[in-house]
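Now for the letters of each chain:
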Amino acid sequence: MPVLRVALDLPLHRLFDYRADDATPADVGLRVRVPFGRGERIGVIVAVVEQSEWPAGQLKTAREILRDPGPLPDDFFALCEFASTYYQAPLGEVLLQALPAGLKRLSPPERRAGRPRKPPPALPEPALTEEQAAAIGQVDIDGGYSAHLLFGVTGSGKTEVYLRLIDQALQLGRQVLLLVPEINLTPQLEDRVRGRFPDRCVVSLHSELAEAARERNWRSAFAGEADLVLGTRLSVFTPLPRLGLIIVDEEHDPSFKQQDGMRYSARDVAVVRARQLAVPVLLGSATPSLESWANAQGGRYKLLTLKERANPAARLPAVHVLDTRRLTLKEGISEPLLAAIRERLARGEQSLVFLNRRGYAPVLACPACGWVSRCQRCAANLVLHLADRRLRCHHCGFENGIPRACPTCGNQDIHPYGRGTQRVEEWLQGEFPDARILRVDRDSVKSRTQWETMLERIHGGEADILVGTQMLAKGHDFPKLTLVGVLGADAALYAADWRAPERLFAQLMQVAGRAGRAELRGEVLVQTQYPDHPLFAAVASHDYPGFAATQLQEREQAGFPPYAFQAVLRAEAPAMADAVAFLELAAALPVVKAHDQVMLYDPVPMKMARLANLERGQLLAEAFSRPALQAFLPRWREAIEGLKTANKLRWHLEVDPLEL
Ligand SMILES: Nc1ncnc2c1ncn2[C@@H]1O[C@H](COP(=O)(O)OP(=O)(O)OP(=O)(O)O)[C@@H](O)[C@H]1O
Ligand SMILES: [Zn+2]
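As a starting point, this report considers the structure included with it. The structure displayed is predicted, hence computed values, not measured ones.

The next subject is the packing of helix α1 (residues 74–87) against helix α7 (residues 266–277). Orientation of α1 relative to α7, taken along the N-to-C sense of each, is 135°, at an axis distance of 10 Å. The angle between α1 and α7 places the two elements in the oblique class. Here the hand of the crossing between α1 and α7 comes out right-handed. Between α1 and α7, the contacting residues are Asp75, Ala78, Leu79, Phe82 and Ala83 on the first element and Val269, Val272, Arg273, Gln276 and Leu277 on the second. In terms of residue class, the contact of α1 with α7 is built from 7 nonpolar, 1 polar and 2 charged.

Laid out in structure tokens, this is it:
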């Protein structure tokens, strides 16, 4: 009697067997409705076998094999199996997270036909620059697996390189997967792609799509109808029967890393997928991740370089540092920066003030008794939001009204300390009463529609001054923007996190890259107390390779990634002692001693130790070879699962963590 081996979305590293009288091996890859506990679940059939390891009497019978939308293909299984093994995530979790929500439901909603999108105006191809042509010439679309890093300065026309390669792949009858960071999935890029390929079926896949639209687009990709999938990190798993090219735009972007559930890097999975399918993959960035840069230096990726801006009239902006120790600041802004904004206003050009901190002020405090607005649930301060008069935790979402007086001593004179985008916006408005100021951050732009409207207003010249967080830093082309002022950059310079300089450098280069993209020359003014810091010199000379070389040298000496390979075990419990005790048990397991190429650090509280009422600890495991770490992890994980306390608290493993 046939037995189905079924993957279910459960945190368990095993498959589940069910009887199914009429099943055949052709059913592998189909979804199935099975009884589980007191209810039912949707699973995926991984194998059809003759005999179960379990006694036949104990097996339940599958309720229904679901023939729609047809079996998931072998290469999809291969990719999910890789992710499951590499990231120590149960196969069922990986397989099912990759499916659209409607296919995981027991009673899916009625399917409705979608509104066809209005086709954007067809866009002509510009003549390629020499550098673009050279880069394109390096990629053999039909030559099997090859990995390329397209390192192109901001405004160098990386998108045009993508479009030409996409065209080549489409001509060969292949599908293309274009991955972009969450925030970058702007209508501009989508329109640009659709406008270039008006006769092709282009679909997008991202978290803001309505469930029905997402399922429709996924089905069209799965069926081989969609020619091009434009998607965020999760779309890396989309089944594509004719896939012939993968592109990862802004490959350095941290949003390619999934931070909960299965913690994976979509960029890394993209490269694995390309290798499994023997197709080319292209990673593009003006500030590549140091991992990718090291891969390019080591010859694992082919390096393609665009040194010049594509628009012959545009030049890279001039970057200057403003030494805030020698300048008087008004609300954190120096006179030279104000003067530069004034000049732009007089000339009818746009300025951008960049401050990567939203809200009005990071904390409200009482100078009399020392009370500060702490989150009750996290080791973090509540951020003051004056726009809607709330105190809000940016970590757990807890919020409160603003107290009139100090809750501890009754002092009426409590103050906001420090500043965020709201405060800067308010102050600039007072300073430049006639200027039209637009604040762009997660508070003013909550949805994709708001984002589209905001971008239209900026493009339409409806703003003189933009005040924004990193939302504004990436990928946008604002032709009238000629000044970028950077506030609050110093915090990252001497942060404990050794990845902080890499992120700061990328952010500064990206935000600087918004200025002077057309005929008008751009200028960038960075306020700092450390004007001699080499990072600023590298930004000023637009010297990514120099910066990367220094950073990689430091990391090699310190034994940090990419010269070491890491995984972190995290535990969360109401009391820190319990979390740490669990980690100590995990560190003392015999399997740890058996793998002497893997080193374990001491368990420590996480940098933000308390989140939403849970204390969090972590234990870092490190090896100087990836295979050594990969050999250790499954055995360690199994041993941890066997610990008595393992199901008394929450814990997870993260491989290649970005944040420690
Ligand atoms: N061959 C070309 N000739 C003329 N203009 C071009 C060419 N290629 C691209 N451009 C223009 O140059 C500008 C920058 O191009 P694009 O947005 O692709 O740059 P990018 O490298 O992606 O920059 P960023 O990293 O800042 O996002 C765009 O306005 C684009 O239309
Ligand atoms: Zn909180």
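In the vicinity of ligand 1, 19 residues are found, and the nearest of them are Thr154, Gly157, Lys158, Thr159 and Ala310. Here the shell around ligand 1 gets 3 residues from one element, more than from any other, and that element is helix α4 (residues 158–171). Looking at which domains feed residues into the shell around ligand 1, each of domain 2 (130–306) and domain 3 (318–360 + 419–550) supplies at least three.

Take the environment of Asp142 next. Looking at where Asp142 falls in the secondary structure, it is placed in the loop between α3 (130–137) and β7 (146–152). Its 11 C-beta neighbours within 10 Å are what place Asp142 among the exposed residues. In this structure, the C-alpha to C-alpha distance between Asp142 and Pro280, residues 138 residues apart in sequence, is 8.1 Å.

Here we come to the sheet that holds strand β12 (residues 280–285). With parallel pairing, the 7 strands of this open sheet are ordered in space as β9-β10-β8-β11-β12-β7-β13. Two strands close off the open sheet at either side, each with one partner strand: β9 (202–205) and β13 (302–306). Neighbour-to-neighbour, the strand axes of this sheet turn through a mean angle of 20°, independent of strand direction. When strand β8 (residues 175–179) meets strand β10 (residues 228–231), the two strands line up parallel, connected through 4 bridges. For Val176, the partnering residue across the bridge sits in β10 and is Leu228. Contacts between α7 and the sheet are confined to β7, β8, β11 (243–249) and β12, with β11 contributing the most and set at about 160° to the helix.

Conventions and cut-offs
Residues numbered from 1 in each chain as written. Chains lettered and ligands numbered in written order. Predicted model: local features only at pLDDT ≥ 70, side-chain atom pairs only at ≥ 80, totals over all residues. Axes fitted to C-alpha atoms, helices over the stretch in contact; angles between N-to-C directions. Helix = DSSP H or I, 4+ residues; strand = E, 2+ residues; numbered from the N terminus. Parallel < 35°, antiparallel > 145°, perpendicular 65-115°, else oblique. Left-handed = near helix turned anticlockwise from the far one by under 90°. Contact = placed C-beta atoms within 7 Å. Nonpolar A, V, L, I, M, F, W, Y, C, P; charged D, E, K, R; others polar. Near = placed C-beta within 6 Å. Domains from an automatic or database assignment. Buried ≥ 20, exposed ≤ 12 C-beta atoms within 10 Å, placed from the backbone. Pairing = 2+ DSSP bridges.

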